[in-house]
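This is what each chain is made of:
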Amino acid sequence: MFARRAGWDLTPNALSERMARRRAAGLPVLDLTESNPTRCGFGAPSQALGEALRRLAGDPRNLRYEPDPRGDLEARRAVAAFHAAQGAALGPESVVLTTGTSEGYAHLFRMLADPGDVVLVPTPGYPLFEILAGLESVEIDSYPLRFGGGRWRLDLDALAAAAARPGVRAVLTVHPNNPTGALTSPGEAAALRALCRERGLALVSDEVFAAHRGAAAPPDAPQTLLPAADAAEDGPLLFALSGASKLLALPQLKAAWIAVSGPRTLREEALARLEVIADSYLSVSGLVQLALPELLRARDVIVREVTARVTASRSRLAAVVAASGQLELLPSEGGWAAILRLRGAPPPDEDAFVAALLDGPGVAIHPGWLFDVPPEDEQGRSVSHLVLSMLLEPADVERGAAAIAAALGTQRGARSSR
Ligand SMILES: Cc1ncc(COP(=O)(O)O)c(C=O)c1O
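Residues numbered from 1 in each chain as written. Predicted model: local features only at pLDDT ≥ 70, side-chain atom pairs only at ≥ 80, totals over all residues. Heavy atoms only, no water.

Visitor: Looking at this model, I keep getting lost on the site of the ligand. Mind explaining?
Guide: As a structural note, the neighbourhood of the ligand is formed by Gly100, Thr101, Ser102, Tyr126, Val174, Asn178, Asp206, Val208, Phe209, Ser245 and Lys246. Taking Ser102, its side chain carries an N or O atom lying 2.9 Å from an oxygen atom of the ligand. Between the ligand and the protein, one listed contact pairs an oxygen atom with a side-chain N or O atom of Lys246 at 3.0 Å. The protein chains hide 87% of the 400 Å² of surface that the ligand would expose on its own. Partitioned by chemical class, the residues of the shell around the ligand number 4 nonpolar, 5 polar and 2 charged. (Near = heavy atom within 4 Å. Polar contact = N/O pair within 3.5 Å; in protein donor to acceptor, adjacent residues only side chain to side chain. Areas by Shrake-Rupley, 256 points an atom, 1.4 Å probe, with all protein chains shown as cover. Nonpolar A, V, L, I, M, F, W, Y, C, P; charged D, E, K, R; others polar.)

Visitor: Is there a simple way to think about the packing of helix α6 (residues 156-163) against helix α7 (residues 186-199) in this case?
Guide: Two numbers describe a pair of packed helices, the interaxial angle and the distance between the axes. Across the interface, α6 lies against α7 with an axial gap of 11 Å and an inter-helix angle of 20°. On the basis of the axis angle, α6 is roughly parallel to α7. Where α6 crosses over α7, the handedness of that crossing is right-handed. Contacts from Leu156, Leu159, Ala160 and Ala163 in α6 reach Ala191, Leu192, Leu195 and Arg199 in α7. Within the contact of α6 with α7, the residues separate by chemical class into 7 nonpolar, no polar and 1 charged. (Axes fitted to C-alpha atoms, helices over the stretch in contact; angles between N-to-C directions. Helix = DSSP H or I, 4+ residues; strand = E, 2+ residues; numbered from the N terminus. Parallel < 35°, antiparallel > 145°, perpendicular 65-115°, else oblique. Left-handed = near helix turned anticlockwise from the far one by under 90°. Contact = heavy atoms within 4.5 Å.)

Visitor: Help me understand the side chain of Ser261 in this model?
Guide: With respect to the helices and strands, Ser261 occurs in strand β9 (residues 256-261). Owing to a relative accessible area of 5%, Ser261 belongs among the buried residues under this scheme. Beyond its immediate chain neighbours, meaning those up to four positions away, Ser261 contacts Leu226, Pro227, Ala232, Pro236, Leu237, Leu238 and Arg267. (Buried < 20%, exposed > 50% of the residue type's maximum accessible area, 1.4 Å probe, protein only.)

Visitor: What's the story with the packing of aromatic side chains in this structure? I'm lost.
Guide: We describe a pair of aromatic rings using the distance from one ring centre to the other and the angle between the two ring planes. Under the definition given, this model contains 6 aromatic pairs. Ring geometry for Phe147 and Trp152: centres 5.3 Å apart, planes at 55°, overall tilted. Take Phe147 and Trp152: they sit in the same class, and that class is buried. One aromatic cluster is present, formed by Tyr105, Phe109, Tyr126 and Phe129 through successive ring pairs. (Phe/Tyr/Trp six-rings, centres within 6.5 Å; stacked < 30°, edge-to-face > 60°.)

Structural data, given as structure tokens:
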């Protein structure tokens, strides 16, 4: 009855079932996986949205339906101005609005890949790519980021080898990566551009977290992979994805975009095709498009509030980690996630540890495998990882981290008394 692309295993995930059971029993859960900013008590996004909606209420343009497949021109101008402020050369004609970055991926996969073709994605990485590609009958293959010397680095040799495989159409890069928080360095950006240009592959740069940089962000890391004016002609066909869900901490707005750069003829051909795809759905609400320019003007205030939270939560986490002596916090340059490394001989089983943490102190956290965080360190020793969100209040992060450290201590105690 159902297509292979919808042949998912629909058995509920063991962890969400555990969490639901706990909540149904009236027991509290401290959810360290919370990455929905609307549940994290931010003021600036709601204030900006409230003001934009109030202004919009009296706007006569609300009552008209004049869809433009690429999106309302004023909204696209605002997006182009945002990228221009990052140093990119981009006109509003090179922007296509979508309801989310996820929809942007769908448009790109449809345009760039036939069923069975391959897109390359980084690991560790965001687990949604497999589903998004699968929905378009596109395969994913991965290339590794490797942690060493205090930073995650793109393995360029492994990427070049993966790009040489048959059927590869595009390389995805996430800047900064979720969950490692690694920003693409200038050298990595140049290498990605050169590889894609040489092999005729599209480069897709997911920049949803690009404005959310931490204190450890190298000052020379690019703001965007979209090139300045003189570099576009010599570069690959490049699509930068971003949107309100992370940039403005307003996922409910459902507003995002694809910004297109590259040699002129190729860029225009891509835009004409994207326009046909977007025109088939006209999915972005007219009201949201009208609100977008004003909301984008509020981005600095919003990013400041979110960055302050992430910084404060991370520093509380670092303090608990330092005091515990048995956890390691991997460095991050941007984004909202943190990765904890657990050692031991053997290190704790990620699933068992996560389950025990939920059943015991009621703390929910992601196992590292969910994001393909590799189970070895740079010396090849077995390690485990946990991934948590830094959007929560610092006090909650501290409480959760203390519970993790305590659980690790108990496990150690249990092991050594055996
Ligand atoms: C790296 C990355 N890209 C894209 C998305 C999806 O964003 P959107 O809400 O715009 O679809 C997410 C959401 O968490 C993400 O982490």
